[in-house]
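Topology and contacts: notes
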Amino acid sequence: MEAARMMFLLVPLCFLKVTDTTTINPCCYYPCQNKGICVNVGKDGYECDCTRTGYYGVNCSLLYLLPTARSNLIPSPPTYNSDYDYLSWEGYANVTYFTRLLPPVPKDCPTPTGTEGYKELPDVKLLAEEFLLRRKFIPDPQGTNLMFAFFAQHFTHQFFRTDFDKGPGFTKALGHGVDLSHIYGDTLERQHQLRLFKDGKLKYQVVNGEVLLPSTNDVPISMKYPHTLSVEKCFAIGNDLFGLVPGLMMYATIWLREHNRVCDILKEEHPTWNDEQLFQTARLILTGETIKIVIEDYVQHLSGYYFKMTFNPELLFGEHFQYRNRIAVEFDHLYHWHPLMPDSFIIKGQEFTYDNFIFNTDILLNFGVEALVESFAKQRAGRIGGGKNINKNILHVAIGVIEHGRQLRLQPFNQYRKWFGLTPYKSFQELTGETEVAAKLEKLYGHIDAMEFFPALLLEEPYENAIFGQSIVEMGAPFSLKGLMGNPICSPDYWKPSTFGGKVGFDIVNSATLEKLVCLNIKKCPYVAFHVPHNIDNESERGKKEPSAEL
């Protein structure tokens, strides 16, 4: 990560001491750097106007971190998909496909990955159990917590939605980006079922004094719940899979409350607006809030940078940039971060195994949002890179990703390294940073240039004290940039106060943080962050009680 950090340097400033501040205008010393404008304030003070310079701070000396240089690595318009390994109109226009960064390995190659390695790839189950299955929980050294893990799952499932009925190259997420379909539904019909059609708001229910998601008994939309769960306990959510775990239910509830809160603000500001305008404007505001939180809280934490990352679309207005995004299947595979998940989940000192946690809506109903936030913020997530850190209960997901990569005939890992301007690995030892695992991999694959894409990402040696290694950082960043900054609200025609209902709505977007999102929508604000508190032990290692399925 050090190489990436060197791209963003802080410029040290040295100024002569002013000895006669009563007679000399401080702007005469040109304190404002990087095109900042100096404004004399009072008799001997000054301010630097850093607007649209890309810098901030007293003297406009601190560089905002907005990595735009590598966004051109992601083709726009898209090039290939799973059925077309050459340029075609279908490959461009058919949005039911994931796009592809690299075309598939030709079917008539000597080996499944081209020319290197053996004629058959290693057994998928053996590969996963030997190299990916967790023996002992490996905590993320950056202190990432379950608030981050569930946010990642909640946020990405608006655009990572493989259509398994059609095949691993197809997607159900036709918006291909941050469209908030996980909140509002992916069809107009589903959206209408979730809407209250009064004051722009979404439907809700009140249980024990808490505003919660409506039940499927009141909003009869299709959701993925076991048949044994009564409809009164099944939540109706934009994404039909979000009844899976309480962490997803928690974020869905917080965003529902935020939408209705923003609608109240807009109605007070615009009393003549009808339900439709209130709803549509609130959705745009929440889209802006989402992107800002992802960049300035989520990506900031993930990157490990000490530099301040900023969501400022105006920094791209002078760049050649297309405000449309398509999700690539390689990005979808790269983002399978199941090592984040712990071996059990601790809520207010009570331990829940996977069997007791999955589809358990009682956890949200009985504990409440505040307790879930407080508990998930204190429980450490697992390290993603380095291998051997996926819990046995979800190892089947990784097996599925490897199988899909083979069905899609993804090119080998080193070919993607080359595409992103990274040096191809010369050996398995260089990839993993050790000898034992490297020797086993070489025995299974035969050659480093036959190493598969997804397993290599998880087995790559992590950076020191980091959550994963170089490739996820360098490959994921350009995809993320295109997906976030390619949103239409970031374009010059959209990015202005009137889009968000005037200054009040624009201020909501520009001041959004994870902490504000949570604390403005619960009664008492607990500790809120994407990392565990620095002064607390991992809650998963203490205060455990016997596992319980009921509350």
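Look up a bit, the structure's there.
Residues numbered from 1 in each chain as written. Predicted model: local features only at pLDDT ≥ 70, side-chain atom pairs only at ≥ 80, totals over all residues. Heavy atoms only, no water.

Moving on: the pattern of salt bridges. A pair can form between side chains of opposite charge whenever their charged atoms are brought close. Following the criterion strictly, the structure yields 19 salt bridges and no others. Here Lys 440 and Glu 130 are joined by a salt bridge, their closest N and O atoms 2.8 Å apart. With a gap of 310 residues between them, Lys 440 in helix α16 (residues 436–445) and Glu 130 in helix α3 (residues 124–131) connect regions that are remote in the sequence. Residues joined by salt bridges that share partners form a network here, namely Glu 130, Glu 436 and Lys 440. (Salt bridge = Lys/Arg side-chain N within 4 Å of Asp/Glu carboxyl O. Helix = DSSP H or I, 4+ residues; strand = E, 2+ residues; numbered from the N terminus.)

This next bit is on the environment of Ser 498. Its place among the elements puts Ser 498 in the loop between α18 (470–485) and α19 (503–510). Along the chain, Ser 498 and Thr 281 lie 217 residues apart, while their C-alpha atoms are 9.7 Å from each other.

Counting 140 residues, the largest nonpolar core has Tyr 298 and Trp 337 as the members making the most contacts within it. Residues in contact with Trp 337, not counting those within four places in the same chain, are Phe 148, Tyr 298, Leu 302, Ile 384, Phe 468 and Ile 472. Judged by nonpolar contacts, the second largest core, of five residues, contains Cys 32, Cys 50, Tyr 55 and Cys 60. (Core = buried A, V, L, I, M, F, W, Y, C linked by side-chain atoms within 4.5 Å. Buried < 20%, exposed > 50% of the residue type's maximum accessible area, 1.4 Å probe, protein only. Contact = heavy atoms within 4.5 Å.)

Within the structure shown, the criterion is met by three disulfides. Here Cys 50 connects covalently by a disulfide to Cys 60, the sulfurs 2.1 Å from one another. Where Cys 50 bonds to Cys 60 through sulfur, the torsion about that S-S bond is close to -95°, and the disulfide is left-handed. Linking Cys 50 in the loop between β2 (45–49) and β3 (55–56) with Cys 60 in the loop between β3 and β4 (62–63), this pair joins segments that are ten residues apart in sequence. Note on accessibility: Cys 50 and Cys 60 belong to one class, buried. Covalently, Cys 519 is tied to Cys 525 through a disulfide, its sulfur atoms 1.8 Å apart. (Disulfide = S-S within 2.5 Å.)

This paragraph deals with α19. Those residues of α19 that fall on the buried side of the exposure criterion are Gly 505, Phe 506, Ile 508 and Val 509. Taken around the axis of α19, the buried residues stretch over an arc of 155°, which confines them to a single face. Of the surrounding elements, those touching the buried residues of α19 are α7 (246–269) and α8 (275–303). (Arc of directions from axis to C-beta.)

With that out of the way, let us pick up unusual backbone geometry. One non-glycine residue, Leu 180, adopts positive backbone phi at about 60°. Relative to the elements of secondary structure, Leu 180 occurs in the loop between α4 (146–156) and α5 (181–184).

Now for helix α12 (residues 369–378). The element α12 is largely enclosed, with a buried count of eight among its ten residues. Where α12 is concerned, the buried positions are Val 369, Ala 371, Leu 372, Val 373, Ser 375, Phe 376, Ala 377 and Lys 378.

Another point: the environment of Ile 293. Residue placement: Ile 293 occurs in helix α8. Spatially, the C-alpha atom of Ile 293 lies 25 Å from that of Arg 195, the residues being 98 residues apart in sequence. Those residues in contact with Ile 293 that lie beyond four places of it in its chain are Phe 151, Trp 255, Tyr 298, Ala 512, Thr 513, Leu 514 and Leu 517.

Before going further, it helps to examine the packing of aromatic side chains. Using the criterion set out here, one finds 37 aromatic pairs in the structure. Between the aromatic rings of Tyr 84 and Tyr 86, the centroid separation amounts to 5.6 Å while the plane-to-plane angle is 85°, which identifies the pairing as edge-to-face. A relative accessible area of 23% means that Tyr 84 is categorised as partly exposed. With relative accessibility at 47%, the residue Tyr 86 sits in the partly exposed group. Geometrically, the ring pair formed by Tyr 184 and Phe 279 is edge-to-face, given 5.4 Å between the ring centres and 80° between the ring planes. Remark: Phe 279 occurs in helix α8 and Tyr 184 occurs in helix α5; sequence separation between them is 95 residues. Neither Tyr 184 nor Phe 279 differs from the other in exposure class; each is buried. (Phe/Tyr/Trp six-rings, centres within 6.5 Å; stacked < 30°, edge-to-face > 60°.)

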